[in-house]
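Observations on the three-dimensional arrangement
Here is how the chains run, residue by residue.
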Amino acid sequence: MRALLPNSIPEVDDTYLLTRYAASQRPFVRFNFVSSIDGSAQRDGLSGGLGSAGDRRIFSLLRRLADVVLVGAGTVRAEGYAGPLIGDADIAWREAQGLSAQPVLAIVSHGLNLEPEDEVFTLSPVPVLVFTSIQVTEEQRNRFASHVELVEVAEVDHGCDPQEIVADLLARGLGFIHAEGGPHLLGQFIAADQVDSMCVSYSPLLLAGSGQRIAHGPRQEARKLEMHSLFEEESMLFCDYRRPE
Ligand SMILES: NC(=O)c1ccc[n+]([C@@H]2O[C@H](COP(=O)([O-])OP(=O)(O)OC[C@H]3O[C@@H](n4cnc5c(N)ncnc54)[C@H](OP(=O)(O)O)[C@@H]3O)[C@@H](O)[C@H]2O)c1
């Protein structure tokens, strides 16, 4: 993989990538998506068919850096999250940096439409937070395992309030928030102006069709981000756009 911006470097190693993708402050909210060049966030209903080896490398390194991996319930249902979020090399790196071995997993589900028996819960080696804007009953709480915490937050525009989610995570010491979508969750965070870094991998594919864009929701006042880093491998572009300082 070569760096194009801010400097041209013919081959970059993981140390360079981790330094470029580090957070500039806390809280720091990053979203990571893969998109076809004609704007689809889905190929046959999933994101995986858009990726490449380079995309999977960046995806893993971004998880490695995070305090918490945040994901919408629609993405959990579609993509089948289960088991450890990171591998042994990532764990070793994190421990050497004085970080927890693995990031926490946090799921956003407006209506708590998640089954306690889902493998995203039963196979998780780390605590799982579930943000919801329904009033959770004691019976609902008891259906989930003890490592799953249901957190009530206010409802905003038919979703959970992103500002409350960020404040809650920050209060838990989880200020580096790495969100993996999906489009509804990003739309809500854009509306609440809670996006500091937008990492998009552009796959050199033309798909047409009716796949979703990476953001979905009511149109917002345009906000301009700035290019922080740009990498390229096998015609795939890896951008990190950030909120202007
Ligand atoms: N290309 C990529 O990089 C990428 C990344 C992620 C996902 N995807 C694709 O996107 C599709 C899923 O899209 P999606 O928009 O349905 O995913 P999503 O944003 O993960 O899920 C939407 C659902 O999550 C909950 N949710 C999302 N935002 C919320 C908020 N702010 N407050 C409360 N609840 C919220 C709601 O679930 P409840 O129904 O539980 O209330 C909502 O129905 C899949 O096909 C997936 O493969 C692509």
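Just so it is clear, the structure is predicted and the values come from calculations on it, not from any experiment.

Looking only at helices and strands, the protein has 8 helices and 12 strands in total. Taken over C-alpha atoms, the radius of gyration comes to 18 Å for the protein, in line with the 18 Å a tight globule of 245 residues would show. With the C-alpha coordinates of the protein rotated into their principal frame, the extents come out at 55 × 45 × 35 Å. Burial statistics for the protein: of 245 residues in total, 37% are counted as buried. Across the protein, contacts joining residues at least 24 apart in sequence account for 70% of those joining residues at least 6 apart.

The next thing to look at is the site of the ligand. The environment of the ligand is formed by 30 residues, the closest being Gly72, Gly74, Gly159, Gly181 and Gly182. For the shell around the ligand, the secondary structure elements donating two or more residues are strand S2 (28–36), helix H3 (73–79), strand S8 (159–160) and helix H8 (183–191). The greatest single-element share of the shell around the ligand, amounting to 5 residues, is contributed by H3. Of the residues belonging to the shell around the ligand, the class tally is 11 nonpolar, 17 polar and 2 charged.

Of all hydrophobic cores here, the largest spans 54 residues; its most connected members are Phe31, Val68, Leu70, Ala106, Ile107, Val108 and Ile177. With near-sequence residues (within four places) excluded, Ile177 lies in contact with Pro27, Phe28, Val29, Arg30, Val68, Leu70, Val166 and Leu169.

What counts and how
Residues numbered from 1 in each chain as written. Predicted model: local features only at pLDDT ≥ 70, side-chain atom pairs only at ≥ 80, totals over all residues. Helix = DSSP H or I, 4+ residues; strand = E, 2+ residues; numbered from the N terminus. Rg over C-alpha atoms; globule rule 2.2 N^0.38 Å. Buried ≥ 20, exposed ≤ 12 C-beta atoms within 10 Å, placed from the backbone. Contact = placed C-beta atoms within 7 Å. Near = placed C-beta within 6 Å. Nonpolar A, V, L, I, M, F, W, Y, C, P; charged D, E, K, R; others polar. Core = buried A, V, L, I, M, F, W, Y, C linked by C-beta atoms within 7 Å.

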